[in-house]
Amino acid sequence: TVHITAPGYVQYNNSITVPSGTLVNWEVSCAGMESKTGKRIVTETDTLPVVLDRIVTLTVYPNPDTATVELKANGYTQVGNTISVAAGTRVHWKVYKSGYLPKSDYITVNDNTPLTVPLTAAATLTIVPYPSDAIVTITAEGYGQYGNKITVPLNTRVYWSVVKTGYVGQYDYEDMTADETKDITLTPL
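Note that the structure is predicted; figures quoted are calculated from it, not measured.

1. Observations regarding the overall build of the protein
Along the protein, the regular secondary structure elements total zero helices and 21 strands. Computed over the C-alpha atoms, the radius of gyration of the protein is 29 Å, more than 25% above the 16 Å expected from 2.2 N^0.38 for a compact globule of 189 residues. The C-alpha extent of the protein, read off along each of the three principal axes, is 95 × 35 × 20 Å. When the 189 residues of the protein are sorted by exposure, 32% land in the buried category.

2. Examining the sheet that holds strand β1 (residues 2–5)
Across a sheet, strands are paired by hydrogen bonds formed along the backbone, either parallel or antiparallel in direction. With antiparallel pairing, three strands are arranged side by side in an open sheet as β1-β4-β5. Either end of the sheet is taken by a strand with one partner, and the two such strands are β1 and β5 (36–42). Put simply, the sheet's adjacent strands are angled 20 degrees from each other on average, direction ignored. The pairing of β1 with strand β4 (residues 22–28) spans four bridges and is classified as antiparallel. In the sheet register, Val-2 faces β4, and the bridge partner there is Val-28.

3. Structural notes on the pairing of strand β15 (residues 135–139)
Alternating positions in β15 separate cleanly, Val-136 and Ile-138 being buried on one face and Ile-135, Thr-137 and Thr-139 remaining unburied on the opposite face. Taken together, the five bridges between β15 and strand β17 (residues 156–163) define a ladder with antiparallel strand orientation. Within the sheet, the bridge partner assigned to Ile-138 lies in β17 and is Trp-160.

4. Regarding the side chain of Thr-89
Inspection of the secondary structure assignment puts Thr-89 in strand β10 (residues 89–96). Classification of Thr-89 as buried rests on a relative accessible area of 9%. At 2.6 Å, the side chain of Thr-89 forms a polar contact with the backbone oxygen of Ala-86. In this structure, Thr-89 is in contact with Ala-73, Asn-74, Ile-107, Thr-108 and Val-109, ignoring residues within four places of it in sequence.

5. Overview of the pattern of salt bridges
The tally for this structure, following the rule as stated, stands at eight salt bridges. One salt bridge connects Lys-72 with Glu-70, and the closest N-O pair in it is separated by 4.0 Å. Overall, the relative accessible area of 36% leaves Lys-72 in the partly exposed class. A residue is classified by how much of its surface remains accessible, and Glu-70, at 18% relative accessible area, is buried. Here Lys-182 and Glu-180 are joined by a salt bridge, their closest N and O atoms 3.7 Å apart. One network of salt bridges, with partners in common, ties together Glu-174, Glu-180 and Lys-182.

6. As for the pairing of strand β8 (residues 76–79)
Pairing geometry for strand β7 (residues 68–73) and β8, over four bridges, is antiparallel. Paired with Lys-72 across the two strands is Thr-77, which belongs to β8. Joining the antiparallel neighbours β7 and β8 is a turn of two residues, in which Asn-74 adopts a positive phi near 55 degrees.

7. Regarding the sheet that holds strand β13 (residues 113–118)
One open sheet holds the three strands; their spatial order is β9-β6-β13, and the pairing between them is mixed. For this open sheet the edge positions go to β9 (82–86) and β13, each flanked by a neighbour on one side alone. Direction aside, neighbouring strands of the sheet carry axes that sit 25 degrees apart on average. Sheet topology places strand β6 (residues 55–63) next to β13; six bridges connect them, and they run parallel. Paired with Val-60 across the strands is Leu-115, a residue of β13.

8. Some thoughts on the environment of Val-158
On the secondary structure map, Val-158 appears in strand β17. Since its relative accessible area comes to 0%, Val-158 is described here as buried. The spacing of Val-158 and Glu-141 is 17 residues in sequence and 8.2 Å in space, taken between C-alpha atoms. Ignoring any residue separated from it by four or fewer positions in sequence, one finds Val-158 in contact with Leu-125, Ile-138, Thr-139, Ala-140, Ile-150, Val-152, Asp-172, Tyr-173, Glu-174 and Met-176.

Cut-offs applied
Residues numbered from 1 in each chain as written. Predicted model: local features only at pLDDT ≥ 70, side-chain atom pairs only at ≥ 80, totals over all residues. Heavy atoms only, no water. Helix = DSSP H or I, 4+ residues; strand = E, 2+ residues; numbered from the N terminus. Rg over C-alpha atoms; globule rule 2.2 N^0.38 Å. Buried < 20%, exposed > 50% of the residue type's maximum accessible area, 1.4 Å probe, protein only. Pairing = 2+ DSSP bridges. Axes fitted to C-alpha atoms, helices over the stretch in contact; angles between N-to-C directions. Polar contact = N/O pair within 3.5 Å; in protein donor to acceptor, adjacent residues only side chain to side chain. Contact = heavy atoms within 4.5 Å. Salt bridge = Lys/Arg side-chain N within 4 Å of Asp/Glu carboxyl O.

Shown next, in the form of structure tokens:
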């Protein structure tokens, strides 16, 4: 469908005749396609080629299905598992839920696309050192600590240390089966 408007003038088929210098508004739409609109000052006989992009849908199926899905495309962010975009659009997706490792990536959507995203159950180890300015190091293969915490898949072995000059350091490991907070008190030398 083509709509062309200018005050005091009538569209005929897919064209309109107006005096030079007239502002013309236009809209082109079609079911299943992305509509396009615009404005143009007409100064001479002119043809405006308009190509509509096919609309496609990305649907993210998180596991567990109660996880939150966030989708971003063309500067627009939405929470929900479905987004419709012009074919060829790059979409950033993110799936997250407390107690699981988050996942995110980009996908270029060229056709209607289902995307299943399984999350991995996780546990967080938090170390609270005394004295509070002791240096905490927490490691697990493939994972880094954030502050005095680390979040890893369940059943992952996590190594930790708490050290400070003038104190006896403590070192150990935990096999993570649930969230855990450890209060570690260092003894003065």
